[in-house]
Amino acid sequence: MRAVVVGAGIGGLAATLSLRRAGHEVTLVEQAARFTEIGAGIQLAPNATRLLRRLGLLDAVAAQAARPSHVSFRTWSDGVEICRYALGRAAEDAFGAPYLLLHRADLHQALAAAVPPSSVRLNTVVVGIDQDDESATVTTASGERLRADLVVAADGIRSAARQWLFGADEAVFSGTAAYRALLPADEVADLDLPDLGIWLGPGRHFVHYWVRRGELLNVVAVVTAEARTEVGTEAKAEAETAAAESWTARAEPGEQLREFDGWDSRVLDVLERAGQVLRYGIHTRVPLARWNIGRVTLLGDSAHAMVPFQAQGAAQAIMDAAVLGDVLTGATPADVPDALDRYVRRRLATATTMQANSARAGDDFHLPDGPEAQARNARMSAYADEHVFLPQATGWAVDVLDDRRS
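Remember, it's a predicted structure, so these values are computed and weren't measured experimentally.

1. Topic: the nonpolar core
Inference 1: Core analysis: the largest hydrophobic core is formed by 72 residues, its most contacted members being Leu19, Leu150, Trp291 and Leu328.
Inference 2: Once residues within four sequence positions are removed from consideration, leucine 150 is found in contact with Met1, Arg2, Ala3, Val4, Leu19, Arg295, Leu328, Val336 and Leu340.
Inference 3: In this structure, Val207, Trp263, Ala361 and Phe365 belong to the second largest nonpolar core, which totals 59 residues.

What follows is the structure in structure tokens.
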């Protein structure tokens, strides 16, 4: 069977590898002239690393990763620890796979290296996807038509394929923006930072963790648009800047320090030492009732882009890819529409729930000082007293390839 995968991000690469593992011929189409992955840190919980092991890639990925011993939640103003949960060896023993912290480029490179160059079409822009009962066709900007039995649209949060399938549907600004930076480990060695720290404050939260074998500190500082108090034309310009979706837009000098004024000195030290930071608006997609039509399906962010507040965006894309390969193992061209229905039945509810849970986590992180934040802190502390792992860790134990009930 022949498949075309559109988009060579993490989801598209994982889908290509899963379909090849299922025995199918795959062409991966990417508009960039070469494999690149921008961005910074990424977290992979055991529900994702377990699947990387099945693809034979876990060792290569883990060799570039950091393995946090724990995650520590802290208060914004004085850094007092609210609670902590175990990761590291304890999580690996409990869930059968490690919790890894990576630079996105390292994960992307490991996936890309496993795809044969002969299967990849770089510098190829897709301008249309159509289908009939017998096949699906991808049309490129050069006029070439790539015919296949299956088309997987993994073309990201700004997915054109999603609009071709389901009509006009724009990415939605989440009301949050993030500052991000990478710092060499020796520049923050004196700050005694936890392996993975999440600091909670009014309208903001601050996350840091080690990547690239502990050589770099990844920093993500998130603010809500509602936290900005300017009015009039200046406020409108400020809001438009906050909402801009770009992995390469630079923040104004010192902007991140102004946004986190009054926070614990360690947070401010990290932000000051970061120097130039990048800023991007965080966007999501409205959940869909289905991801597939006929021989064409969405995968990853094109189907279920979410805010990153439970660190599951990449994991959910990898899970999509694993299930897609599973339902198409042994499939013939005639089987594709029904197989895609099974893929969506097995994945849509879980991914949609994760979208909602991630949004709720952001709301919970940003509660104002006072009774609400105090109640949240007490609730988190009480849960940690009785449980070794994070609340969302219940999902880490689920093996997505064991769920074949549909």
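Having put the structure on the table, let's press on.
2. Considering the packing of aromatic side chains
Inference 1: Within this structure, the stated rule accounts for 10 aromatic pairs.
Inference 2: The ring of tryptophan 199 has arginine 74 sitting right over it, with the charged end atom 5.7 Å from the ring centre.

3. Focus: the pattern of salt bridges
Opposite charge on two side chains lets them pair, provided their charged atoms get close.
Inference 1: Under the counting rule described, the total for this entry stands at 19 salt bridges.
Inference 2: A salt bridge links arginine 162 to aspartate 169; its shortest N-O distance comes to 2.5 Å. One exposure class covers both arginine 162 and aspartate 169, and it is buried.
Inference 3: A salt bridge links aspartate 364 to arginine 379; its shortest N-O distance comes to 3.2 Å.

4. Some details on the sheet that holds strand S2 (residues 25–29)
Inference 1: The mixed open sheet is built from six strands, whose spatial order is S7-S2-S1-S11-S18-S17. Each edge of the sheet is formed by a strand with only one pairing partner; in this case those strands are strand S7 (120–121) and strand S17 (292–293).
Inference 2: Against the sheet, helix H1 (residues 10–21) engages strand S1 (2–6), S2 and strand S11 (150–153), with an angle of about 170 degrees to S2.
Inference 3: Contacts between helix H12 (residues 336–365) and the sheet are confined to S11, S17 and strand S18 (296–298), with S18 contributing the most and set at about 15 degrees to the helix.

5. Some details on the layout of surface pockets
Inference 1: The space that makes up the second largest pocket amounts to roughly 300 Å³.
Inference 2: Along its surface, the second largest pocket is lined by 20 residues, and Ser174, Val307, Phe309, Ala359 and Asp363 are the ones closest to its centre.
Inference 3: The element contributing the most residues to the lining of the second largest pocket is H12, with four residues.
Inference 4: Its residues placed into classes, the lining of the second largest pocket shows eight nonpolar, nine polar and three charged.

6. A short note on helix H4 (residues 88–95)
Inference 1: Taken together, the buried positions of H4 are occupied by Gly88, Ala91, Glu92 and Phe95. In an axial view of H4, the angular spread of the buried residues amounts to 100 degrees, which keeps them on one side of the axis. Those residues of H4 that are exposed and aimed more than 90 degrees away from the buried face are Arg89 and Asp93.
Inference 2: At its buried positions, H4 is contacted by helix H2 (46–54).

Criteria and cut-off values
Once a new chain begins, its residue numbering starts again from 1 and follows that chain's sequence as written. With the structure being a predicted model, the display of local features is reserved for residues of pLDDT at least 70 and the display and counting of side-chain atom pairs for 80 or more, all residues being used for whole-chain, interface and lining totals. The side-chain quantities take in all heavy atoms of the structure and omit both hydrogens and water. By convention a nonpolar core is built from buried Ala, Val, Leu, Ile, Met, Phe, Trp, Tyr and Cys residues, the set being connected through side-chain atoms within 4.5 Å. Partly exposed describes any residue whose relative accessible area lies between the buried limit of under 20% and the exposed limit of over 50%, with all areas from a 1.4 Å probe on protein chains only and scaled to the type maximum. The criterion used for residue contact is that any of the two residues' heavy atoms lie within 4.5 Å. Two aromatic rings from Phe, Tyr or Trp, using only the six-membered ring of Trp, form a pair when their centres are within 6.5 Å; if the ring planes differ by under 30 degrees the pair is stacked, by over 60 it is edge-to-face, and anything between is tilted. Geometrically, a charge over a ring is one whose NZ (Lys) or CZ (Arg) sits within 6 Å of the ring centre while staying within 35 degrees of the ring normal. For salt bridges, the criterion is a side-chain nitrogen of Lys or Arg within 4 Å of an Asp or Glu carboxyl oxygen. The pairing criterion is simple: DSSP has to find at least two bridges between the two strands. Strands are runs of DSSP state E lasting at least two residues, helices are runs of H or I lasting at least four, and both sets are numbered from the N terminus onward. Inter-axis angles, ranging from 0 to 180 degrees, are taken between N-to-C directions of lines fitted to C-alpha atoms, where helices are fitted over the stretch in contact. A cavity, in this analysis, means grid points on a 1 Å lattice covering only the protein atoms where a 1.4 Å probe fits yet has no way out; a pocket is instead an open set bounded by protein on both sides within 12 Å along at least five of seven lines, and a residue lines either one if it has an atom within 4 Å of a point. Grid points are joined across faces, edges and corners, and a volume is the space filled by probe spheres set on the points. Each residue is assigned to one of three groups, with Ala, Val, Leu, Ile, Met, Phe, Trp, Tyr, Cys and Pro labelled nonpolar, Asp, Glu, Lys and Arg labelled charged, and all others, Gly among them, labelled polar. Directions pointing from the helix axis toward each C-beta atom define the arc.

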